[in-house]
Amino acid sequence: MIVTMNTPHRPPASRRGFLDTTLRLTATGALAAAGGLGAGCDGSTTAGGGPAAAAAHSGDGPGTRPPLTGSPGPVTAQDLVDVDTLWSWVERMNAAGPRLPGSPAHRAFIDDLDRQLRGYGLTVTRHPARLEEWLARSWSLRVTDAEGVTRPIPVASYRPHSGETGPAGVTGRLIDAHAGDEAAYQAAGAAAAAGATGAGTAGGLGGAIVVVDAPITRLTASVLADLAYTVLPPQARADFAQEDYSRVWLGVPPPPSLPLARAHGAAAMIEIVDQTPELAAGQYTPHQQEHAGLPALRLDREQGARLREILARGPATATLVLTASRRETTVDYLLARLPGARAATATATGAGAGAGAGPAGERPRAVLVTTHTDGQNALEENGGPALLALAEYLSRYPAASRARDLLFLFSPTHMAADAATVKPDAWLREHPEVLAEVDMALAAEHLGALGWDDQGGTAPYRPTGRSEPVAVAVGHSETLRRLAEEEVEHGGLTRVGIQKPFQNGLYGEGTFPYRLGLPTIGMITGPAYLLQVAPGGNLDKLDRALLHRHTVFVAGLLTRMMALPAGRPS
């Protein structure tokens, strides 16, 4: 489907690009690490859909299910809220539209999580964090050819945080800079200055709208296997070697440089991305880019070819519109505490909430459970509903049965550049009282994903008939690595890589506690549609039973982490 993004809309549609060393790791370009891999698992091929669960199953308030006795775990599907309830939470989140950082939909989702967590009896605190908010409002492209005929060109997407125009846009000569590197700009500028493009001004590219290529390296899912401790089941390794894993969000190669184009005098940029129209539409990428001051739009390969056909017939001009609001504001982190046995003992003995002020060995030691709240669709990011299911389940047990405090941390800043906000590692350093309590961390992102791709552009964009490969990344603990492998096998999950750390990261939100030295497990997937703003929020590309199964898996990991001996696991 070609999406012509040329009218205002509710908040628009937002992984950290890989370093070039990625491509040298394996023959296929190993890069299982980027900011988002890991959820599909059992090979299910049934797409999610259908109506939301009835209000009676919404889990909106406290007391919807009776208290439990004993201790948490081992977790079964029946222990958590049912499949339809969890699905209804994802539907509700998705119905508001893309939750880009600071947007009204994002802020409303944070409020909804806050309300539900409090309803389950957790103590919730909100912590405003700085945010350079950027929200696109309208975008379009019109081209006037050598014969003076003006026509609109359908736009696949805008480039987030690239830059802005006024409502009338910017008009300039169209100049094809091809690869968009230094040599290409020098050649295009020299040709323009010589009049080869009809430009009569010195300076070549001054005021021009440059057209550049945005290629995507063709990879297979071996990028996961090549960076894995192990692949489960082992035969999945051979399957991964045959599966396309070309992903625009990986940033390999890096996207065209906006600062370089600006340095050569360009007024705006048009990127031609090597994707089918259906897959290119609405891709919010690169999603963690610093503001560059150069507005940029992206065309799919078909519209890119059409634009270059126009240029081949003679000089052309274009009017590019990308209006956006930009402001300094704040957006809230949520920290929700579910106290464990140590806090319960302190309360019973009259020591109060400050019982942790005693000797270091007596402090309540917590598991940090984390995800993020911003995202573009029903997959990115549905970790919030999954963590709600964990909180609901564990809150039904008495505090004395929970060996550790649980700290649920919801970051609002995943889709923003480091310079534009406060990332979770920085936030935790700013809150040493929280960090001092944590023994280990668990991150969950992108649950229930089914595979869709276009075979690297060689086939129609369609379902693969498989679930998306899962990355369960583990860092700083051999104990947690063994635990993760055992839980994958116990849960009967398939198509899973138990991943090594890569480039000082753990593939998503797990990166941040890992960088602070915390033993960490992160579960994540990274399908081709991960960052795509699309009609219906790509809800049709999720499987409700798989979503629930992934959530049960995460709950199983958490209860086993809670039961580990005191201290940080080795």
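The structure under discussion appears in the preceding block.
Engineer: Tell me about the overall build of the protein, and please be specific about residues and values.
Structural biologist: For the protein, the count of helices and strands is 16 helices and 17 strands. In the protein, buried positions account for 60% of the 570 residues. About 19,500 Å² of surface is accessible on the protein, with carbon and sulfur atoms providing 56% of the total.

Engineer: Quick rundown of unusual backbone geometry? Include the residues and the values.
Structural biologist: In this chain, Leu232 is followed by Pro233 through a cis amide linkage whose omega measures -15°. For Pro233, the location among the structural elements is in the loop between strand E6 (228-232) and helix H6 (236-242). Here the amide bond leading from Thr285 into Pro286 is cis, since omega sits at -5°, within 30 degrees of zero. Structurally, Pro286 can be placed in the loop between helix H8 (277-280) and strand E8 (296-299). Despite not being glycine, His476 has its phi angle at roughly 65°, a positive value. The topology assignment puts His476 in the loop between strand E15 (470-475) and helix H14 (478-491). Taking relative accessible area as the criterion, His476 reaches 41% and is therefore assigned partly exposed. Residues other than glycine seldom take positive phi values, yet Tyr507 does so here, at roughly 65°. Position of Tyr507 relative to the elements: it lies in the loop between strand E16 (496-499) and helix H15 (511-515).

Engineer: Give me the pairing of E8: which residues, what numbers.
Structural biologist: Neither face of E8 is left uncovered, since the one carrying Ala296 and Arg298 and the one carrying Leu297 and Leu299 both have all their residues buried. Taken together, the two bridges between strand E3 (residues 157-158) and E8 define a ladder with antiparallel strand orientation. Bridge assignment links Tyr158 to a residue of E8, and that residue is Leu297. Bridging between strand E7 (residues 268-273) and E8 involves four bridges; their strand directions are parallel.

Engineer: Talk me through helix H4 (residues 182-193); I want residue IDs and the actual numbers.
Structural biologist: For H4, spanning 12 residues, the distance from its first C-alpha to its last is 16 Å, which sits close to the expected 16 Å at 1.5 Å a residue. Along H4, the positions that sit buried rather than exposed are Ala184, Tyr185, Ala188, Gly189 and Ala192. Seen along its axis, H4 keeps its buried residues to an arc of 125°; they face one direction. Elements that come into contact with the buried residues of H4 comprise strand E4 (170-178), strand E5 (209-214), helix H7 (258-263) and E7. Where H4 ends, the next residue or the one after it, Gly195, has phi of about 90°, a positive value.

Engineer: Please set out the pairing of strand E13 (residues 450-453) residue by residue, giving values where relevant.
Structural biologist: Residues Leu450 and Trp452 of E13 are buried on one face, and the alternating residues Gly451 and Asp453, pointing to the opposite face, are buried as well. Where E13 meets strand E14 (residues 462-467), three bridges bridge the pair, whose relative direction is antiparallel. The residue of E14 that forms the bridge with Leu450 is Ser467.

Engineer: Any chance you could break down the nonpolar core for me, citing the residues and the numbers?
Structural biologist: Core analysis: the biggest nonpolar cluster contains 96 residues, and Phe408, Val472, Ile521 and Leu558 have the highest contact counts within it. For this core, the leading source of residues is helix H16 (residues 544-562), giving nine residues. Membership of the second largest hydrophobic core comes to 27 residues, among which are Leu307, Ala316, Leu320 and Leu322.

Engineer: Hey, could you go over helix H11 (residues 383-395) for me, with residue numbers and the actual values?
Structural biologist: If you check H11, its first and last C-alpha atoms are 18 Å apart, about what 13 residues at 1.5 Å a residue would give, namely 18 Å. Of all the 13 residues making up H11, 12 are buried; the element is thus mostly covered by neighbouring parts of the structure.

Engineer: Explain the pattern of salt bridges to me, using residue names and the numbers behind them.
Structural biologist: Opposite charge on two side chains permits them to pair, given that their charged atoms come into close proximity. Scanning all chains against the criterion turns up 31 salt bridges. What you see here is one network of salt bridges that share partners, running through Asp111, Asp114, Arg118, Arg126 and Asp332.

Engineer: Summarise the packing of aromatic side chains; cite the residues concerned and give the values.
Structural biologist: If you walk through the whole model with that rule in mind, you get six aromatic pairs. Between Tyr333 and Trp427, the ring centres sit 5.2 Å apart and the planes meet at 15°, which makes this aromatic pair stacked. In this pair, Tyr333 sits in strand E9 (residues 317-338) while Trp427 sits in helix H12 (residues 424-430), placing the two residues 94 residues apart along the sequence. Here Tyr333 and Trp427 have matching classes, each one buried. Judged by centre distance (5.5 Å) and plane angle (90°), the rings of Tyr393 and Tyr397 are edge-to-face. Taken together through their ring pairs, the aromatic side chains of Trp134, Trp139, Tyr158 and Tyr284 make up a single cluster. When the ring centre of Tyr229 is taken as reference, the NZ or CZ atom of Arg481 above it lies at 5.2 Å. Across from the ring centre of Trp452, 4.2 Å away, lies the NZ or CZ of Lys541, which sits over that ring.

Engineer: Residues and numbers for the packing of helix H2 (residues 83-95) against H16, please.
Structural biologist: Contact geometry of H2 with H16 gives a least axis separation of 9 Å together with a crossing angle of 100°. Classified by the angle their axes make, H2 and H16 are roughly perpendicular. Touching Val83, Asp84, Leu86, Trp87 and Val90 of H2 are Arg544, Ala545, Leu547, His548 and Thr551, all from H16. Residues belonging to the contact of H2 with H16 are distributed by class as follows: six nonpolar, two polar and two charged.

Thresholds applied
- Residues numbered from 1 in each chain as written.
- Predicted model: local features only at pLDDT ≥ 70, side-chain atom pairs only at ≥ 80, totals over all residues.
- Heavy atoms only, no water.
- Helix = DSSP H or I, 4+ residues; strand = E, 2+ residues; numbered from the N terminus.
- Buried < 20%, exposed > 50% of the residue type's maximum accessible area, 1.4 Å probe, protein only.
- Areas by Shrake-Rupley, 256 points an atom, 1.4 Å probe, with all protein chains shown as cover.
- Pairing = 2+ DSSP bridges.
- Expected span 1.5 Å × (residues − 1).
- Arc of directions from axis to C-beta.
- Contact = heavy atoms within 4.5 Å.
- Core = buried A, V, L, I, M, F, W, Y, C linked by side-chain atoms within 4.5 Å.
- Salt bridge = Lys/Arg side-chain N within 4 Å of Asp/Glu carboxyl O.
- Phe/Tyr/Trp six-rings, centres within 6.5 Å; stacked < 30°, edge-to-face > 60°.
- Lys NZ or Arg CZ within 6 Å of the ring centre and 35° of its normal.
- Axes fitted to C-alpha atoms, helices over the stretch in contact; angles between N-to-C directions.
- Parallel < 35°, antiparallel > 145°, perpendicular 65-115°, else oblique.
- Nonpolar A, V, L, I, M, F, W, Y, C, P; charged D, E, K, R; others polar.

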